[in-house]
Amino acid sequence: MEEAQDFAADIIQSDSTDALEAPRVPVEPAPPITSRFLYVDVAAMRAKQLRKGARLRYDVEPGTPTPKKPERQAMEEVRLCLVHYTIPPWKGVGVRAAEEEAAAAAAEAAALAAGE
C-alpha cells in the first residue's frame, strides 16, 4: 500500500515540474488592439479564464505593486500583447432579413403568375 502512494507522489512531482518548465508566454506577441471595444471584449474573456484558474502570462517583479483583481490582470496582459484573439468574419446586419424578403417576393410573384 505504501509503495503505491510513493509511486503516485513521484508521478505528481514529475507532472508539476513539467508544467513549470512549459512556457506561459506566447512565442509571438499578439497584434496590438486599436479598438477600445475589442480591448474590452478580449480583456473580459481573459478575465473569465483567470477567474476559472488560468495562470498569469507575465512575471511579476518583487516589490512592484500588482493588480489583484482578475479583470485588472487581464487588462495588463492585453496591454502587453500577451493575449491572442481572433475576430470572426462579419456577415453584415440584416442580410438574412433581406434574403427572406426577396424569397417571399419571388414566391408571391410565382403564385400570381401561376394564378393568371
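Keep in mind that what you see is a predicted model, and the values were worked out from it rather than measured.

About the criteria used
- Residues numbered from 1 in each chain as written.
- Predicted model: local features only at pLDDT ≥ 70, side-chain atom pairs only at ≥ 80, totals over all residues.
- Heavy atoms only, no water.
- Helix = DSSP H or I, 4+ residues; strand = E, 2+ residues; numbered from the N terminus.
- Polar contact = N/O pair within 3.5 Å; in protein donor to acceptor, adjacent residues only side chain to side chain.
- Contact = heavy atoms within 4.5 Å.
- Buried < 20%, exposed > 50% of the residue type's maximum accessible area, 1.4 Å probe, protein only.
- Arc of directions from axis to C-beta.
- Expected span 1.5 Å × (residues − 1).
- Salt bridge = Lys/Arg side-chain N within 4 Å of Asp/Glu carboxyl O.

I would appreciate a short explanation of the side chain of Gln73 in the present structure.
Turning to its location among the elements, Gln73 is positioned in helix H3 (residues 70-79). Within polar-contact distance, the side chain of Gln73 engages the backbone oxygen of Pro67 at 3.2 Å. Apart from residues no more than four positions distant in its own chain, Gln73 is found in contact with Leu50, Leu56, Tyr58, Pro67 and Lys68.

In this structure, what is going on with H3? I would like to understand it.
Working note: α-helix, 3.6 residues per turn, so residues spaced by three or four point in the same direction. Within H3, the full set of buried residues consists of Pro70, Gln73, Ala74, Glu77 and Val78. Around the axis of H3, the buried residues are gathered within 140 degrees of arc, so they sit on the same side. Away from its buried face by more than 90 degrees, H3 exposes Arg72 and Arg79. Summarising the contacts, the buried residues of H3 are in contact with helix H2 (36-51). Cys81 sits one or two residues past H3 and shows a positive phi near 60 degrees.

Can you help me understand the environment of Pro70 in this one?
Following the sequence through the fold, Pro70 ends up in helix H3. Judged by its relative accessible area of 14%, Pro70 is buried. The sequence separation of Pro70 and Leu56 amounts to 14 residues, and the corresponding C-alpha distance is 9.4 Å. The residues touching Pro70, leaving out its near neighbours within four places in the chain, are Ala47, Leu50 and Arg51.

How do you make sense of H2 when you look at a structure like this?
Its 16 residues give H2 an end-to-end C-alpha distance of 22 Å, which sits within 8% of 22 Å, the value for a rise of 1.5 Å per residue. Along H2, the residues classified as buried are Val42, Ala43, Arg46, Ala47 and Leu50. Considered in projection along H2, the buried side chains sweep an arc of 140 degrees and stay on one side of the axis. The outward face of H2, more than 90 degrees from its buried face, is lined by the exposed residues Phe37, Val40, Met45, Lys48 and Arg51.

Looking at this structure, I do not really get the side chain of Glu77. What am I missing?
Topologically, Glu77 is positioned in helix H3. Contact partners of Glu77, with chain neighbours within four places excluded, come to Arg46, Leu50, Arg55, Leu56, Arg57, Tyr58, Leu82 and Val83.

Can you walk me through the pattern of salt bridges in this structure?
Oppositely charged side chains may form a pair once their charged atoms are brought near each other. If you walk through the whole model with that rule in mind, you get three salt bridges. Among the salt bridges present, the one from Arg51 reaches Glu71, with a minimum N-O distance of 2.7 Å. With Arg51 in helix H2 and Glu71 in helix H3, this pair connects stretches of sequence that are 20 residues apart. Judged by relative accessible area, which is 56%, Arg51 ranks as exposed. In this structure Glu71 comes out as partly exposed when scored by relative accessible area, which is 33%. Measuring nitrogen to oxygen at the nearest pair gives 2.6 Å for the salt bridge that ties Glu76 to Arg79. With Glu76 and Arg79 both in helix H3, this residue pair falls three residues apart, about one helical turn. Owing to a relative accessible area of 53%, Arg79 belongs among the exposed residues under this scheme.

Everything listed here is a matter of geometry and, on its own, says nothing about what the molecule does.
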